[in-house]
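Coordinate analysis (summary)
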Number of protein chains: 2
Amino acid sequence: MISKKTKYGLKALAMLAKAETDAPIQISTIAKTENISQKFLESILLSLRKAGFLGSKKGKGGGYYLLKDPRDITIASVYRILEGPIAMVPCVSLNFYEKCGDCPDEDACGVHRLMIQIRDNTLAILENSTLADFILPAAGKQ
Amino acid sequence: MISKKTKYGLKALAMLAKAETDAPIQISTIAKTENISQKFLESILLSLRKAGFLGSKKGKGGGYYLLKDPRDITIASVYRILEGPIAMVPCVSLNFYEKCGDCPDEDACGVHRLMIQIRDNTLAILENSTLADFILPAAGKQ
DNA sequence: TAAAACCCTATAGGATTAATAGGATAATAG
DNA sequence: CTATTATCCTATTAATCCTATAGGGTTTTA
């Protein structure tokens with residue numbers, strides 16, 4: 001299960017991607033449309049901006065806008081920013097690796113081997129899904 | 001990321017599957033071998049027994065043992081018992097469905113559609129992985 | 001210069017996780 | 001029959017994480 005933070009982040013990104021305009025959209029607009037607590041959404045969009053997905057404009061007429069083509073924003077990359085590791089256990093994470101406290105020998109650990117398989121399969125899905133998949137009706141990929 | 005509960009449960013099941021004997025193995029033995037808090041492991045094995053995966057024997061010479069063939073215990077089923085839903089959001093969960101608080105129309109929600117795809121792909125992996133995959137060296141499936 | 005809108009930090013309440021404690025119950029060995 | 005072994009079960013706790021809120025600061029535009 002992903003956190004609401006990640007879910008809200010994805011919904012916000014989807015809305016920005018659908019907009020198809022370069023004009024910034026305000027936090028309050030997104031919050032109302034998607035039924036998200038505005039203050040909570042603020043912190044989420046801030047993270048996404050610092051991660052390089054979003055640009056922002058301050059002052060009257062300001063707001064947030066996408067910096068990249070939706071096809072170049074993978075779900076995997078958003079997931080890592082908002083949710084953290086994609087792997088099920090730290091000892092098989094590529095980007096957030098941590099050694100197991102228990103388990104002296106990773107190569108001898110059956111759980112470890114299985115988790116690597118699951119990680120690779122999951123990654124294949126998340127790396128191949130992009131924001132663009134939100135917009136189009138669920139047709140095949142181009 | 002899965003909880004330690006699920007990870008410990010999988011390690012314990014893997015150890016029981018490897019044992020290849022009908023003789024019960026004691027909690028203390030599993031806890032020491034796998035470096036798991038014994039009391040914590042107790043509650044985990046209890047859940048797995050109630051779920052029908054394990055049998056137990058009390059008293060001297062007692063312990064836990066597998067009730068099924070390792071090939072008939074899918075990772076998905078263990079995951080659901082110890083961790084909960086496999087889906088990333090409740091509104092696409094098959095076994096633990098819950099309607100979104102936000103999001104009035106599920107069919108119109110881009111996140112919803114994507115999460116269904118991810119769920120189906122993840123399920124395909126977890127339903128096709130079994131305890132038996134822990135035992136054999138990572139060779140191809142039979 | 002006033003209003004709009006993002007920027008940033010802190011914090012609080014609640015839920016969940018991980019572990020511990022302590023005993024009750026059942027089975028076996030001698 | 002009794003002592004020992006080992007599971008069974010409930011309750012509690014400490015720590016962490018999640019979600020949300022508060023409250024102002026800063027920048028931009030009209």
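First, a word on what this report is: a plain description of the structure on this page. (Residues numbered from 1 in each chain as written. Chains lettered and ligands numbered in written order. Predicted model: local features only at pLDDT ≥ 70, side-chain atom pairs only at ≥ 80, totals over all residues. Heavy atoms only, no water.)

1. Some points on the protein's contact with DNA strand D
For clarity, the threshold we go by: Nearness of a residue to a molecule or strand requires only that one of the residue's heavy atoms be within 4 Å of it. Whenever two N or O atoms come within 3.5 Å, that pair is a polar contact, provided that in protein one can donate a hydrogen and the other can accept it, and provided that, for residues adjacent in sequence, both atoms are side-chain atoms. Strands here are runs of E lasting at least two residues and helices are runs of H or I lasting at least four, both read from the DSSP assignment and numbered beginning at the N terminus. In this classification, the charged set is Asp, Glu, Lys and Arg, the nonpolar set is Ala, Val, Leu, Ile, Met, Phe, Trp, Tyr, Cys and Pro, and all remaining amino acids, among them Gly, are polar.
Around DNA strand D, the structure places 26 residues, and the nearest of them are K39 and F40 of chain A together with E42, S56 and Y64 of chain B. Atoms of DNA strand D within 4 Å of the protein: sugar and phosphate make up 72%, bases the balance. The separation between a phosphate oxygen of DNA strand D and a polar side-chain atom of R49 of chain B is 3.0 Å. K60 of chain B places a main-chain nitrogen or oxygen 3.5 Å from a base oxygen of DNA strand D. Breaking the surface near DNA strand D down by element, the ones donating at least two residues are helix 1 (4–19) and helix 3 (38–50) of chain A together with helix 3 (38–50), strand 1 (54–57) and strand 2 (63–66) of chain B. Among the elements that make up the surface near DNA strand D, the one with the highest residue count is helix 3 of chain B (5 residues). Its residues assigned to classes, the surface near DNA strand D comprises 5 nonpolar, 8 polar and 13 charged.

2. Some details on the pattern of salt bridges
Which entries qualify depends on this criterion: A carboxyl oxygen of Asp or Glu within 4 Å of a side-chain nitrogen of Lys or Arg is what we treat as a salt bridge. Residue burial is assigned from relative accessible area. The probe radius is 1.4 Å, only protein chains are included, and a residue is buried under 20% of its type maximum, exposed over 50%, and partly exposed in between.
Applying the stated rule across the entire model yields 14 salt bridges over all chains. Ionic pairing is found between D102 of chain B and K11 of chain A, a salt bridge with its closest N-O pair at 2.5 Å. Here the residue D102 of chain B occupies a position in the loop between helix 4 (75–82) and helix 5 (110–128), and K11 of chain A occupies one in helix 1, the pair thus bridging two chains. As far as burial versus exposure is concerned, D102 of chain B and K11 of chain A are alike and both buried. In this structure, R119 of chain A and D120 of chain A form a salt bridge, with 2.9 Å as the shortest nitrogen-oxygen distance. Among the residues examined, D120 of chain A registers a relative accessible area of 37% and is labelled partly exposed. It is possible to trace a salt-bridge network through shared partners that takes in K7, K11 and E34 of chain A together with D102 of chain B.

3. Section: the relation of the copies chain B and chain A
So the rule is basically this: When the copies are superposed, the least-squares fit draws on C-alpha atoms of residues that have pLDDT of at least 70 in both. Whether two residues touch is decided by their heavy atoms; if any such pair falls within 4.5 Å, the residues are in contact.
Overlaying chain B with chain A gives an RMSD of 0.1 Å, the required rotation being 180 degrees about an axis along which the chain moves by 0.0 Å. On the angle and the small slide along the axis, the relation comes out as a two-fold axis. Among all C-alpha atoms of chain B, that of T122 of chain B lies closest to the rotation axis, at 3.4 Å. When the interface residues of chain B are mapped onto chain A, 100% of them are again interface residues, pointing to one common binding face.

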